[in-house]
Amino acid sequence: MGKQYIATANAGQAHDSDVVGVSVCHKYTVTVSSDGTAKFWDNHQVDAHNPKDYVVTKFINKTGIHHVELYENVLPDSATKIVIIAFSCFDGSVSLYYFINDDISTWTSINCDYFKSRSWAPGFYKDPESKQDYFLITQASGSTGVYYLNIKCGESDIDIDIQLEKFGELNANKSAFPNSLAICPTTDKKVAVGYTNGDVYIYDLQLLKPIYTFHSTDVVTSSKPSSSSIPRVLQFSPGGSLLAVARDNQSSGSITLYDVKYGENVGTLTTPSHSTKTSVGGFAHSGWIMGLSFDETGENLASCGFDKCVRVWNLETREREATITISVTDLEDTEHDEQFDKSIASGVTFIKKGIRSGTGGDKNEGLCVVSFDRGVRWYREAGGI
Amino acid sequence: MLYQRLASLLRIWESIKVAMLESDYEVVFHLLDKNRSKSIFISQFSTTSGTNSKFILYVKTLKLLIQQLKLKSNKTTIRDIYYKDVELYNKNQSNCKNIMVSIVEHSLSWSLKDDLLISASQKGLLYGNGIIINGQKLDYSEDPFLIPIDFNITYGTCAKYEKTLIIVVFEKEAIFKSFCNYIKIKGSLDSFENLVAITGKGFPDYLTKEFYQNLINTCSKKLRIVNLAFVDSDVFGINIMKNYHSPIDLVHAGVHLLEYTYGWLNITNRDFQLLQNFLINNESSKYSRELTRGMLLFKKCEMNLLPNDSINEYIIEKIEFYMNHK
């Protein structure tokens, strides 16, 4: 293990219920919860600050939110910076909002006739060539809707027109529920959809056709019907060459890496084991994996889950660089509900250099971890100051 | 009220007797259907044996009702009346129920339960220690029994934990019986001196709910109540809990999705839809957190019997937790 991470800030009881999603834009770390609110935590504060003093809360949906995805871009032919946020809610609806120029007071809802029900995981494709952006959403029917995302800026900065227009559907596997989604950030325009039956399909976004299918690698079969290898989280590497898939493997979690170009399984990430069953297969976590995030360079992958820890993996050596164990006692405010507040890490994201203020924020990458104990924790890599 | 009803039934009975003795007449019962919009006629003499036997059924049921109302202990169940003449009802309890409902509820517009004190057969089971039901103190050494139709609840005195009563509601009969058996074999439980375990075998019937609510209302005046439910972590389990309409907070003590891994099952599309509907219709429910976890993880958790006693140890652990923390 080569890396060390230092806790820089945390917020205990950040939400009234489980914190289930996290995403980061330049100005804010955005967390969402099954309490129905989204919280915008200011990234630009000095080290010794209480995050709760610099948070903006937005109520989104009474049934709760389970996914959050951000789209951040400077509009072409304009200096206007826009952040669009998609919130997927437990009633099956998706709510879309935006704000401009890092000013949350410009918070505006995007009216849309789609996504009233039966929706699940959202995602944005930001075209590096600025030709055509897309919005995608998986649906309980088994298909994944693909929409053109057209943003037009009027004469004034605040005159923004956002239109979604249906382009097509990805529906090669309609028999299972598409529970996870990842979009390749490069010009390759590839999309990965994970289904509850264990399959992961890679689609071509423009042709709307499947390219590869990765079946479950679960090598242990069980008589228990509850045992399945749901691909809970998918993540493309920033260069678009790798797809990391976190699947359930019995009560453990495995991470499999696939080569996207040739559609091959190129290995798994496993913790060293002294068990005699090593031939069966190793696991990345001793619990289900709930979050995956590549760093900016694609050299490291962070994962987190039911075993109450975050692991950072070096993808070249396929070994762990760091393990951060989380517990309610980490938090400034340790008051909690013993029955419900479990420190299961439900989401993790790398934070690029230069986003979080404070010591080392410019030179080191950071991490943000959210959990079922209602805590939000920020870390930065040690050294290099 | 009961006396007036008996008088009315006796008048009908007398009219039938008089009419039958008069050989010039044929007795015809004029009944009404469920909506009281359609007439049903049952004749004394008929060309088919089916209609003839129906007439006899109505006469005998009327007689059984009158006999029941004349008894000192008026409260009874449909099952008890059925067992007074099983052959007559063709060994089918629902025949007995249908005829009583046809006479009393559809045609006379009375309520079987409120006017004649005839309730549905008991379904709920009861077990415990410390509380006195109809003069008899519940004891861990006894077997579980059906909740009595006519109950009177009082509480005795227990030296050490005098002030706490633990009420445990179970969704499943199998878990309830296993728990009762576990305590019975173990002997006494010092820390749970006053405990009442109830199951409505799924959704509770009227009597089980009435008993449960009465127990809380009677005992909460002087005792601290620890009111716990052990149900599946799914929409049905939560709805069963809600169906008890507890006068005080009923805590979902178990099973919880994140801690009872033995019971994990994948959720189906139908489960998913039910979860969504529950969340939409129950705004900011205290059970939302458990259910949203199920949706997020695509799992539900069923409380099933295991070969060893781990389920009972789990329940005891939970009761101890809420005893000490609430």
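Residues numbered from 1 in each chain as written. Chains lettered and ligands numbered in written order. Predicted model: local features only at pLDDT ≥ 70, side-chain atom pairs only at ≥ 80, totals over all residues.

Undergrad: Explanation requested: the overall build of chain A in the structure shown.
TA: Regarding its fold elements, chain A presents 0 helices and 28 strands. Relative to the compact-globule value of 21 Å for 385 residues, chain A shows a C-alpha radius of gyration of 20 Å, a close match. C-alpha atoms of chain A, sized along the principal axes, occupy 70 × 50 × 40 Å. (Helix = DSSP H or I, 4+ residues; strand = E, 2+ residues; numbered from the N terminus. Rg over C-alpha atoms; globule rule 2.2 N^0.38 Å.)

Undergrad: I would appreciate a short explanation of the overall build of chain B in the present structure.
TA: Per the secondary structure count, chain B includes 10 helices and 15 strands. With the C-alpha coordinates aligned to their principal axes, the bounding extent of chain B is approximately 80 × 50 × 35 Å. A total of 326 residues make up chain B; the buried ones form 32% of that total. (Buried ≥ 20, exposed ≤ 12 C-beta atoms within 10 Å, placed from the backbone.)

Undergrad: Would you mind going over the packing of helix 5 (residues 173–186) of chain B against helix 10 (residues 310–325) of chain B with me for this structure?
TA: When two helices pack together, their arrangement is given by the angle between the helix axes and the distance between those axes. Residue and element names in this part refer to chain B. Helix 10 packs onto helix 5 with a crossing angle of 80 degrees between their chain directions and a minimal axis gap of 10 Å. When the interaxial angle is binned, helix 5 and helix 10 end up roughly perpendicular. For the pair formed by helix 5 and helix 10, the contact residues are I175, S178, F179 and Y182 on the first element and I311, N312 and I315 on the second. Looking at the contact of helix 5 with helix 10, its residues break down into 5 nonpolar, 2 polar and no charged. (Axes fitted to C-alpha atoms, helices over the stretch in contact; angles between N-to-C directions. Parallel < 35°, antiparallel > 145°, perpendicular 65-115°, else oblique. Contact = placed C-beta atoms within 7 Å. Nonpolar A, V, L, I, M, F, W, Y, C, P; charged D, E, K, R; others polar.)

Undergrad: Where do I start with the interface of chain A and chain B in this structure?
TA: By a frequent convention, interface size equals the accessible area lost on bringing the separate parts together. Residue-level contacts link 22 residues of chain A with 20 residues of chain B. Residue composition of the side of chain A that touches chain B, by class: 7 nonpolar, 11 polar and 4 charged.

Undergrad: How do you make sense of the pairing of strand 15 (residues 190–195) of chain A when you look at a structure like this?
TA: Regular strands have side chains that alternate between both faces of the sheet. Residues and elements named next belong to chain A. With respect to burial, strand 15 is a largely interior element, 6 of its 6 residues being buried. Judged by which residues are buried, strand 15 turns out to be covered on both faces: K190, A192 and G194 on one side and V191, V193 and Y195 on the other are all buried. Sheet analysis places strand 14 (residues 178–183) next to strand 15, joined by 5 bridges and oriented antiparallel. Its bridge partner being in strand 15, S180 is matched across the sheet by G194. In this antiparallel pair of consecutive strands, strand 14 and strand 15, the connection spans 6 residues, and K189 shows a positive phi of 55 degrees. Bridge analysis of strand 15 against strand 16 (residues 200–204) gives 5 bridges, and the strand direction is antiparallel. When the sheet's bridge partners are listed, V191 is paired in strand 16 with Y203. Linking strand 15 back to strand 16 in an antiparallel pair, the connection comprises 4 residues, with G198 at a positive phi of about 100 degrees. (Pairing = 2+ DSSP bridges.)

Undergrad: Would you mind showing me how to read the environment of D234 of chain B here?
TA: Residues and elements named next belong to chain B. Considering the arrangement of structural elements, one finds D234 in the loop between strand 12 (224–230) and helix 7 (235–243). Taking the C-beta count within 10 Å as the criterion, D234 has 24 such neighbours and is therefore assigned buried. Separated by 66 residues in sequence, D234 and K300 have C-alpha atoms that sit 5.7 Å apart. Not counting the four nearest positions on each side in its chain, D234 is found in contact with D271, G294 and K300.

Undergrad: Is there a simple way to explain the sheet that holds strand 11 (residues 133–139) of chain A in this structure?
TA: Pairing between the strands of a sheet is mediated by backbone hydrogen bonds and can be parallel or antiparallel. All names here are of chain A. Read from one edge to the other, the open sheet built from 4 strands follows the order 10-11-12-13, with strand pairing classed as antiparallel. The sheet is open, and its two edges are formed by strand 10 (119–125) and strand 13 (160–170), each paired on a single side. In this sheet, adjacent strand axes meet at a mean angle of 25 degrees when their direction is disregarded. Strand direction decides the pairing type here: strand 10 and strand 11, joined by 5 bridges, are antiparallel. Paired with P122 across the strands is I137, a residue of strand 11.

Undergrad: What exactly am I supposed to notice about helix 10 of chain B here?
TA: Residue and element names in this part refer to chain B. Here helix 10 contains 16 residues, and its C-alpha end-to-end distance of 22 Å stays within 8% of the 22 Å for a straight helix at 1.5 Å per residue. Among the residues of helix 10, those classed as buried are I311, N312, I315, K318 and I319. Within helix 10, the buried residues cover an arc of 125 degrees as seen down the axis, which keeps them to one side. Summarising the geometry of helix 10, the exposed residues directed more than 90 degrees from the buried face are S310, E313, E317, N324 and H325. Contacts from the buried residues of helix 10 go to strand 10 (164–170), helix 5, strand 12 and strand 13 (251–254). (Expected span 1.5 Å × (residues − 1). Arc of directions from axis to C-beta.)

Undergrad: Explain the environment of T47 of chain B here, please?
TA: Locating T47 of chain B in the fold gives a position in the loop between strand 2 (39–43) and helix 2 (49–70). Taking C-alpha positions, T47 of chain B is 56 Å from S178 of chain B, a pair spaced 131 residues apart along the chain.

Undergrad: Would you mind showing me how to read the confidence of the model for chain B here?
TA: Interpretation of the predicted coordinates at a detailed level should be avoided for regions scoring low in pLDDT. Residues and elements named next belong to chain B. Per-residue pLDDT for chain B averages 88, and the proportion of residues at 70 or more is 96%. Per-element averaging of pLDDT across chain B places strand 9 (residues 153–155) at the bottom with 84 and strand 11 (residues 195–199) at the top with 95. Predicted complex, confidence summary: ipTM 0.92, pTM 0.86. (pLDDT = per-residue confidence, 0-100.)

Undergrad: Quick question: what am I supposed to make of the nonpolar core here?
TA: Looking at soluble globular proteins, one finds that nonpolar side chains tend to be buried together. One finds F87, L243 and L367 of chain A together with V168, A197 and F230 of chain B to be the most contacted residues of the largest nonpolar core, which totals 157 residues. Top element by residues in this core is strand 7 (residues 81–89) of chain A. It accounts for 7 residues. Beyond its immediate stretch of four places on either side in the chain, F87 of chain A contacts V32, A38, I60, N61, I65, V68, V94 and S95 of chain A. (Core = buried A, V, L, I, M, F, W, Y, C linked by C-beta atoms within 7 Å.)

Undergrad: I would appreciate a short explanation of helix 9 (residues 288–297) of chain B in the present structure.
TA: Side chains three or four residues apart in an α-helix point the same way, a direct result of the helix having 3.6 residues per turn. Taken across its 10 residues, helix 9 of chain B has 9 buried, putting it largely inside the fold. Among the structural elements, strand 2 (19–24) and strand 6 (65–74) of chain A together with helix 7, strand 13, helix 8 (269–281) and strand 15 (299–301) of chain B are those in contact with the buried residues of helix 9 of chain B. Just beyond helix 9 of chain B, the residue with positive phi is F298 of chain B, at close to 60 degrees.

Undergrad: Looking at this structure, I do not really get the domain arrangement of chain B. What am I missing?
TA: Looking at chain B, the domain boundaries give domain 1 (2–119) and domain 2 (125–325). One C-alpha centre belongs to domain 1 of chain B, the other to domain 2 of chain B, and the line joining them spans 40 Å. (Domains from an automatic or database assignment.)

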